[in-house]
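Coordinate analysis (summary)
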Amino acid sequence: MASFVKSLPVGGGVPDEGLTVPGGGRRHGKSQSAFAFDNTSTSVAASQMRNALNGLADSVKDPRTKVAFETEMDNFFALFRRYLQDKAKGTTLDWDRIQPPQSSQVIPYETLPKFEDPKLLSKLAVLKLNGGLGTSMGCVGPKSVIEVREGMSFLDLSVRQVEYLNRTYDVDVPFVLMNSFNTDDDTQNIIKKYEGHRVTIHTFNQSRYPRVLRDSLLPATKDYNSPIVDWYPPGHGDVFESLQNSGILDRLLEQGIECIFLSNVDNLGAVVDLSILHHMRETGAEYIMELTDKTKADVKGGTIIDYEGTVRLLEIAQVPKEHEQDFKSIKKFKYFNTNNIWLNLKAIKRVVENHELQLEIIPNSKTIPVDKKGESDISVIQLETAVGAAIRHFKNAHGVNVPRRRFLPVKTCSDLMLVKSDLYSMKHGQLMMDAARFGPAPLIKLGSHFKKVSDFQKRVPSIPRILELDHLTVTGAVNLGRGVTLKGTVIIVANEGSTIDIPNGSVLENVVVQGSLRLLEH
């Protein structure tokens, strides 16, 4: 049997990181007997998992594939073991030590010199996180291929942005996609159409980890070829190890690339900014996180904090329930993470090779079907990490408070309506807000009848004009006609079992439409 999980001791107790030894003045909050029980349980669970992973490795027939798989499972075992340790210790941040970031830890974008040195682009690569499917919006395949503007997808717009950089400044900024096993095949077929474009595209896959059965804490997977439902991509915090394991990191370094700009593929505001790139170079920062001001719609977003003089990312999942309102306070925590991250490649190589990354683990509970009919299912856990949590592992890491225009994600059809509207025009793949717009983008809330893209397109065949809109709420079976204009605050609520048809050419300004309104052809 293979035994590839080395230098990760299982027995002999759990390292007492952050806990107080007897007489040290702090408490770990557990009795000695309870801690001993958890310690033993941790050792047993880790040992059983290690044996199970070795068995999975034995099911791989191809030698080269086996080596790569063993490395992947090595990383998974380290993550699983940390999860067990955190559970045993009850590891949490001490809320009393959490403070808003210091002024040196978040730099206002407006104070950055407007510096445009095209030479810096020769040291840059652009990386898009492309692991997600469009299932939440009712689509099949990678989310990045959803049409968002003028017949173009997220992927089309991203490629167009990088190609424009390369043509304008006569450089060769590589475009890198981190796919998942869910999106890789489709993405490989799609990117063939960019072969005639002035952009070099690299792809690599994030890890494929086995889901963990909640009851036994063993893999749901039986062998290397287990069904896809038994595996999961472990979040974008996996980007560091996957970049290294894929060989892409070394390839970029050999090409003289020093910095990578990472963002979610569905964030249409995440374009290369030479001022931030110059600021990174001048300050020697190994990691810069773009933050933007919180609104009431963003109160659950992760934020930068100062923790005993160190900059860290705080997610709502880490916050004790009694302090959730403090976390959501716009006054105390003014910013949230856009997941636009600037990273030094040599620093990535250092922290990965030295095993310095200890990203906070996000346990994600799921269920998977046991039978083909879907009549019964089983509870599993996915252990995930986020790229933002790595900020504390890099030198001179800090945030830059950027304008809201750099955060324009499309997570729902409400977001899709916004980016398709007259509020924005498109230039070289970048969305630009109309100069006539006063204030931030409007808040749009579409109900469950608009959840799927196909339903949204049927009910909104023509995107309304919203240049003067502040707030829109639509619930129930509502159909918008063509050439509709919305201004101020508009609320449209169709009663259950009823339908509201907004006539073509309607102008709705500061109104509430409720009940039923059907337009009949005659």
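Sequence order sets the numbering: in each chain, residues are counted from 1 along the sequence as written. This being a predicted model, a pLDDT of at least 70 is required before a residue's local features are given, and a value of 80 or more before pairs of side-chain atoms are given or counted; all residues contribute to the totals for chains, interfaces and linings. Computation of side-chain values covers all heavy atoms of the structure but excludes hydrogens and water.

Selection criterion: UniProt positions are given in the numbering used here, feature names are shortened, and annotations may be inferred rather than shown by experiment.
The name given to the chain in an unreviewed UniProt entry is UTP--glucose-1-phosphate uridylyltransferase, and the organism recorded there is Tuber magnatum. Reading the Catalytic activity (unreviewed entry) entry of the UniProt record for the chain gives the comment "alpha-D-glucose 1-phosphate + UTP + H(+) = UDP-alpha-D-glucose + diphosphate". The chain has a UniProt comment under Sequence similarities (unreviewed entry) that states "Belongs to the UDPGP type 1 family."

1. Some remarks on the sheet that holds strand E17 (residues 377-384)
We apply this condition: Paired strands, in this sense, are two strands between which DSSP finds at least two bridges. Comment: elements are numbered from the N terminus, with helices defined as DSSP H or I runs of at least four residues and strands as E runs of at least two. We call two residues in contact when some of their heavy atoms are within 4.5 Å. A fitted line through C-alpha atoms serves as each axis, taken over the contacting stretch for helices, and the angle formed by two N-to-C directions is quoted from 0 to 180°.
Read from one edge to the other, the open sheet built from 3 strands follows the order E9-E17-E16, with strand pairing classed as antiparallel. The two strands at the open ends of the sheet, each matched to only one other strand, are strand E9 (212-213) and strand E16 (362-369). Sheet strands in contact with helix H2 (residues 63-89) are E9, E16 and E17, and its direction is about 100 degrees off that of E17.

2. Topic: the pattern of salt bridges
Stated formally: Just to be clear on terms, a salt bridge is a Lys or Arg side-chain nitrogen sitting within 4 Å of an Asp or Glu carboxyl oxygen. The classification of residues rests on relative accessible area computed with a 1.4 Å probe and restricted to protein chains. Under 20% of the type maximum is buried, over 50% is exposed, and intermediate values are partly exposed.
In this structure the tally under the stated criterion is 17 salt bridges. The residue Lys-66 makes a salt bridge to Asp-58 at a minimum N-O spacing of 3.9 Å. On the basis of relative accessible area, Asp-58 is assigned to the partly exposed category, the value being 29%. A salt bridge links Arg-97 to Asp-94; its shortest N-O distance comes to 3.3 Å. For Asp-94, a relative accessible area of 30% translates into the label partly exposed. A cluster of three or more residues bridged by salt bridges with shared partners is formed by Asp-94, Arg-97 and Glu-308.

3. A closer look at the UniProt feature "binding site: substrate" (unreviewed entry) in the chain
Test applied: For the purposes of these results, a polar contact is taken to be a pair of N or O atoms within 3.5 Å, where, inside protein, one atom must be able to donate a hydrogen and its partner to accept one; residues adjacent in sequence count only when each atom of the pair is a side-chain atom.
Here, the residues flagged by UniProt with the feature "binding site: substrate" (unreviewed entry) are His-236. Within the fold, His-236 resides in the loop between strand E10 (231-232) and helix H5 (239-246). Each residue touching His-236, except ones within four places of it in the same chain, is listed here: Leu-129, Met-178, Asn-264, Asn-339, Thr-385, Ala-386 and Val-387. Side-chain polar atoms of His-236 contact the side chain of Asn-339, separated by 3.4 Å.

4. A closer look at the domain arrangement of the chain
Cut-off, in case you're wondering: The domain boundaries here were taken from an automatic or database domain assignment.
Segmenting the chain into domains produces domain 1 (38-90), domain 2 (97-406) and domain 3 (413-515). If you average the C-alpha positions of domain 1 and of domain 3, the two centres end up 49 Å apart.

5. Details of the packing of H5 against helix H9 (residues 345-353)
Spelled out, the test is: Oblique is the label for any angle not under 35 degrees, not over 145, and not in the 65 to 115 range, which are roughly parallel, roughly antiparallel and roughly perpendicular in turn. Asp, Glu, Lys and Arg are counted as charged, while Ala, Val, Leu, Ile, Met, Phe, Trp, Tyr, Cys and Pro are counted as nonpolar; the rest, among them Gly, fall into the polar class.
Put simply, H5 and H9 touch, their axes get as near as 10 Å, and they point 95 degrees apart. On the basis of the axis angle, H5 is roughly perpendicular to H9. Facing H5, whose interface residues are Phe-240, Glu-241, Leu-243 and Gln-244, H9 presents Ile-348, Lys-349, Val-352 and Glu-353. Looking at the contact of H5 with H9, its residues break down into 4 nonpolar, 1 polar and 3 charged.

6. Looking at the nonpolar core
A general trend in soluble globular proteins is that nonpolar side chains are found buried together. Put simply, the rule is: As used in this record, nonpolar core signifies buried Ala, Val, Leu, Ile, Met, Phe, Trp, Tyr and Cys residues forming a set joined through side-chain atoms within 4.5 Å.
Formed by 70 residues in total, the largest nonpolar core has its most connected members in Leu-268, Trp-342, Leu-472, Val-478 and Ile-492. Looking at this core, the element that brings in the most residues is helix H3 (residues 154-169), giving 6 residues. Those residues within four positions of Leu-472 in sequence are excluded, and the remaining contacts are Met-417, Leu-443, Ile-444, Lys-445, Leu-446, Leu-486 and Val-490. Ranked by size, the runner-up nonpolar core spans 38 residues in total, among them Leu-262, Ile-341, Leu-357 and Ala-397.

7. Observations concerning the packing of aromatic side chains
Which entries qualify depends on this criterion: Under the pairing criterion, centres of Phe, Tyr and Trp rings, with the six-membered ring standing for Trp, must be within 6.5 Å; the plane angle then separates stacked pairs below 30 degrees from edge-to-face pairs above 60, leaving the rest tilted. Think of it as a cone above the ring: NZ of Lys or CZ of Arg counts as a charge over the ring if it is within 6 Å of the ring centre and within 35 degrees of the ring normal.
Applying the stated rule across the entire model yields 11 aromatic pairs. When the centroid spacing of 6.2 Å and the interplanar angle of 75 degrees are considered together, the rings of Phe-69 and Trp-231 count as edge-to-face. One end of the pair, Phe-69, is in helix H2; the other, Trp-231, is in strand E10, with 162 residues separating them in the sequence. A relative accessible area of 2% means that Phe-69 is categorised as buried. The class for Trp-231 is buried, based on a relative accessible area of 2%. With a centroid separation of 5.0 Å and an interplanar angle of 80 degrees, the aromatic rings of Phe-336 and Phe-407 are classed as edge-to-face. Placement of Phe-336 in strand E15 (residues 335-344) and of Phe-407 in the loop between strand E18 (398-401) and helix H10 (413-420) is noted, with a sequence separation of 71 residues between them. Residue classification places Phe-407 among the buried residues on the basis of a relative accessible area of 16%. Lying over the aromatic face of Tyr-224, Arg-208 brings its terminal NZ or CZ to 4.9 Å of the ring centre.

8. Some points on the UniProt feature "binding site: UTP" (unreviewed entry) in the chain
Sites flagged by UniProt as "binding site: UTP" (unreviewed entry) map to Lys-143, Gln-206, Gly-235, Asp-266 and Lys-411. Residue placement: Asp-266 occurs in the loop between strand E11 (259-264) and helix H7 (274-283). Overall, the relative accessible area of 5% leaves Asp-266 in the buried class. Beyond its immediate sequence surroundings of up to four residues, Asp-266 is in contact with Lys-143, Phe-154, Leu-408, Pro-409, Val-410 and Lys-411. By secondary structure assignment, the location of Lys-411 is in the loop between E18 and H10. By relative accessible area, Lys-411 is classed as partly exposed at 40%. Once residues lying within four places of it in the same chain are set aside, the contact partners of Lys-411 are Ser-136, Met-137, Lys-143, Asn-264 and Asp-266. A polar contact of 2.9 Å, which involves the side chain of Lys-411, links it to the side chain of Asp-266.

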